[in-house]
Amino acid sequence: MTTAVTRELSADLRGFRRVQRLAYECAEAVAARLEPGVTEREAARMQREWLRERGVRDWFHLPFAWFGDRTAFVNFRIPLQFFPTSRRLEPGMPFILDMAPVFEGYTADIGYSGSLGINPVQDRLMADLEAHRELILREVRERRPLREIYEDVDRLMVRQGYANRHRAYPFGVIAHKVDRVAQRRFSPHVFGFGTQSLEGLAADALHGHREGWSPLWSPYRFSDHPPQPGLWAVEPHLGFRGTGAKFEEILVVTDSTDPEQSAFWLDDDLPHVRRWAEDK
């Protein structure tokens, strides 16, 4: 991505925004259909079916769904615990829907938080996530090392009284790069992840290792470098006493010297952003 990239989105960025919006439309449609007794596996299947009906044939990862204290990754120790279970949704219970479809060669990875009825704790978590979105954008524009930004997100969570739950993800990542994927007739997946996307991430990791950067944004030394131009799926995840909430969306990073063009969120017309605007 070059300095020619502006907020008037390029054709490529419009493609990424289109699939991100499609994923959020799926999340809202499935959330509206959730009712007591639905299991995580059923909610994940509903996401898959909704997207396949609209032409999705490949995935960065297949859809996830987490209910109740699983939204805060309580007692998660191994990767298999992230996969959907037979946990059933109950009134007042929080949920998170997470999906990463590939559509027409463009990738998105989104997270949608909600609850079946009123859940004041998750409402508070969602409201407090707005400050994290602002902090991340500001510090990426300042070209702070990714590891330092991660630590600042941690400190903000502590001040808010919350626990960092994205640290439970593999490598503790708060974000990862996303790229275009070649369209193929067959798109296999392994352990829930699309093989083409995994190959792309591995190629980025190899290329980045040679140049001193990583496609994974983590609290570890390999993320101790300035933001790398490209598209990053960012997902700050807060937890409080068995309730979790997060958003996940694409942050665009360029090599522009203009601060406002150097980094920007791909789309401000997303459910959590609209929710914050309505609450003001």
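Note: the structure precedes this text.
Residues numbered from 1 in each chain as written. Predicted model: local features only at pLDDT ≥ 70, side-chain atom pairs only at ≥ 80, totals over all residues. Heavy atoms only, no water.

Enquirer: I keep staring at the packing of aromatic side chains and nothing clicks. Help me out?
Expert: Geometry of an aromatic ring pair is reported as the spacing of the ring centres plus the angle between the planes. Throughout the structure, instances matching the rule amount to 15 aromatic pairs. On the basis of an interplanar angle of 90 degrees and a centroid distance of 5.1 Å, the ring pair of Phe73 and Tyr169 is categorised as edge-to-face. Within this pair, whereas Phe73 is found in the loop between strand S1 (58-67) and strand S2 (94-103), its partner Tyr169 is found in the loop between strand S5 (163-164) and strand S6 (175-178), the two being separated by 96 residues in sequence. Each member of the pair, Phe73 together with Tyr169, is buried. Through pairs of rings, three or more aromatic residues link up here, namely Phe64, Trp66, Phe73, Phe76, Phe82, Phe83 and Tyr169. Positioned over the ring face of Trp50 is Arg54, at 3.7 Å from the centre of the ring. Against the face of Tyr106 rests Arg180, its NZ or CZ located 4.1 Å from the ring centre. (Phe/Tyr/Trp six-rings, centres within 6.5 Å; stacked < 30°, edge-to-face > 60°. Helix = DSSP H or I, 4+ residues; strand = E, 2+ residues; numbered from the N terminus. Buried < 20%, exposed > 50% of the residue type's maximum accessible area, 1.4 Å probe, protein only. Lys NZ or Arg CZ within 6 Å of the ring centre and 35° of its normal.)

Enquirer: Which parts of the structure should I look at to understand helix H3 (residues 120-141)?
Expert: Two residues of an α-helix separated by three or four positions point the same way, owing to the 3.6 residues in each turn. Under the 1.5 Å per step criterion, the end-to-end length of H3 is 33 Å for 22 residues, consistent within 8% with the ideal 32 Å. Backbone geometry just after H3 places Arg143 at a positive phi near 60 degrees. (Expected span 1.5 Å × (residues − 1).)

Enquirer: Any chance you could explain the sheet that holds strand S10 (residues 230-234) here in plain terms?
Expert: Strands belonging to one sheet form pairs held by backbone hydrogen bonds; the direction of such a pair is parallel or antiparallel. Pairing is antiparallel in the open sheet, where five strands are placed in the order S9-S6-S10-S13-S14. Looking along the sheet, the strands with just one partner apiece sit at the ends: strand S9 (216-217) and strand S14 (263-265). Here helix H1 (residues 11-33) sits on the sheet in contact with S10, strand S13 (249-253) and S14, set at roughly 165 degrees to S13. (Pairing = 2+ DSSP bridges. Contact = heavy atoms within 4.5 Å. Axes fitted to C-alpha atoms, helices over the stretch in contact; angles between N-to-C directions.)

Enquirer: I'm lost on the pattern of salt bridges in this one. Help?
Expert: Working definition: two side chains of opposite charge can pair if their charged atoms are close together. All chains considered together, the criterion is met by 23 salt bridges. The salt bridge involving Arg144 is made with Glu139; its shortest N-O contact spans 3.4 Å. Residue classification places Arg144 among the partly exposed residues on the basis of a relative accessible area of 23%. Ionic pairing is found between Arg274 and Asp269, a salt bridge with its closest N-O pair at 2.9 Å. Looking at Arg274, the relative accessible area reads 30%, which means it is partly exposed. Assessed through its relative accessible area of 38%, Asp269 is described here as partly exposed. What you see here is one network of salt bridges that share partners, running through Glu139, Glu142, Arg144, Glu148, Asp152 and Arg155. (Salt bridge = Lys/Arg side-chain N within 4 Å of Asp/Glu carboxyl O.)

Enquirer: What is the right way to read the environment of Asp258 from this model?
Expert: Residue placement: Asp258 occurs in the loop between S13 and helix H6 (259-262). On the basis of relative accessible area, Asp258 is assigned to the partly exposed category, the value being 36%. Residues Asp258 and Arg141, spaced 117 residues apart in sequence, show a C-alpha to C-alpha distance of 9.0 Å. Polar side-chain contacts of Asp258 include one of 3.1 Å to the backbone nitrogen of Glu260. (Polar contact = N/O pair within 3.5 Å; in protein donor to acceptor, adjacent residues only side chain to side chain.)

Enquirer: Help me understand the packing of H1 against helix H2 (residues 40-52), please; the structure alone is not making it clear to me.
Expert: A pair of packed helices can be characterised by two numbers: the angle between their axes and the separation between those axes. Contact geometry for H1 and H2: axes closest at 10 Å, N-to-C directions at 135 degrees. Accordingly, the angle class assigned to the pair H1 and H2 is oblique. The element H1 and its partner H2 pack so that their crossing is right-handed. Every residue of H2 that contacts H1 at Leu22, Glu25, Cys26, Ala29, Val30 and Arg33 is listed here: Ala43, Met46, Gln47, Trp50 and Leu51. Classifying every residue of the contact of H1 with H2 by side-chain character gives eight nonpolar, one polar and two charged. (Parallel < 35°, antiparallel > 145°, perpendicular 65-115°, else oblique. Left-handed = near helix turned anticlockwise from the far one by under 90°. Nonpolar A, V, L, I, M, F, W, Y, C, P; charged D, E, K, R; others polar.)

Enquirer: Which parts of the structure should I look at to understand helix H4 (residues 146-160)?
Expert: Helix length check: H4 (15 residues) gives 21 Å between terminal C-alpha atoms against 21 Å at 1.5 Å per residue, within 8%. By the burial criterion, the buried members of H4 are Leu146, Ile149, Tyr150, Asp152, Val153, Asp154, Leu156 and Met157. Contact partners of the buried residues in H4: H3, S5, S9, S10 and strand S11 (237-240). Positioned one or two residues after H4, Gly161 has a phi angle of 90 degrees, which is positive.

Enquirer: What is the right way to read the nonpolar core from this model?
Expert: Within the largest apolar cluster, 69 residues are counted, with the highest numbers of intra-cluster contacts made by Leu97, Ile136 and Trp217. Per element, the largest residue contribution to this core is 10 residues, and it comes from H1. With residues up to four places along the chain from it excluded, the contact list for Trp217 reads Ile136, Val140, Leu146, Ile149, Tyr150, Gly172, Val173, Ile174, Ala175, Ser223, Trp232 and Val234. In terms of nonpolar packing, the next biggest core, distinct from the first, is built from nine residues, Phe73, Phe82, Val173 and Leu216 among them. (Core = buried A, V, L, I, M, F, W, Y, C linked by side-chain atoms within 4.5 Å.)

Enquirer: Help me understand the sheet that holds strand S12 (residues 243-246), please; the structure alone is not making it clear to me.
Expert: Read across the sheet, three strands follow the order S5-S11-S12 without closing on themselves; strand pairing throughout is antiparallel. Where the open sheet ends on each side, the last strands, each with one partner, are S5 and S12. As defined by bridge partners, S5 adjoins S11 across two bridges and the pair is classed as antiparallel. Looking at the pairing, Asn164 lines up with Leu238 of S11. Sheet contacts for H3: S11 and S12; angle to S12, the most-contacted strand, approximately 35 degrees.

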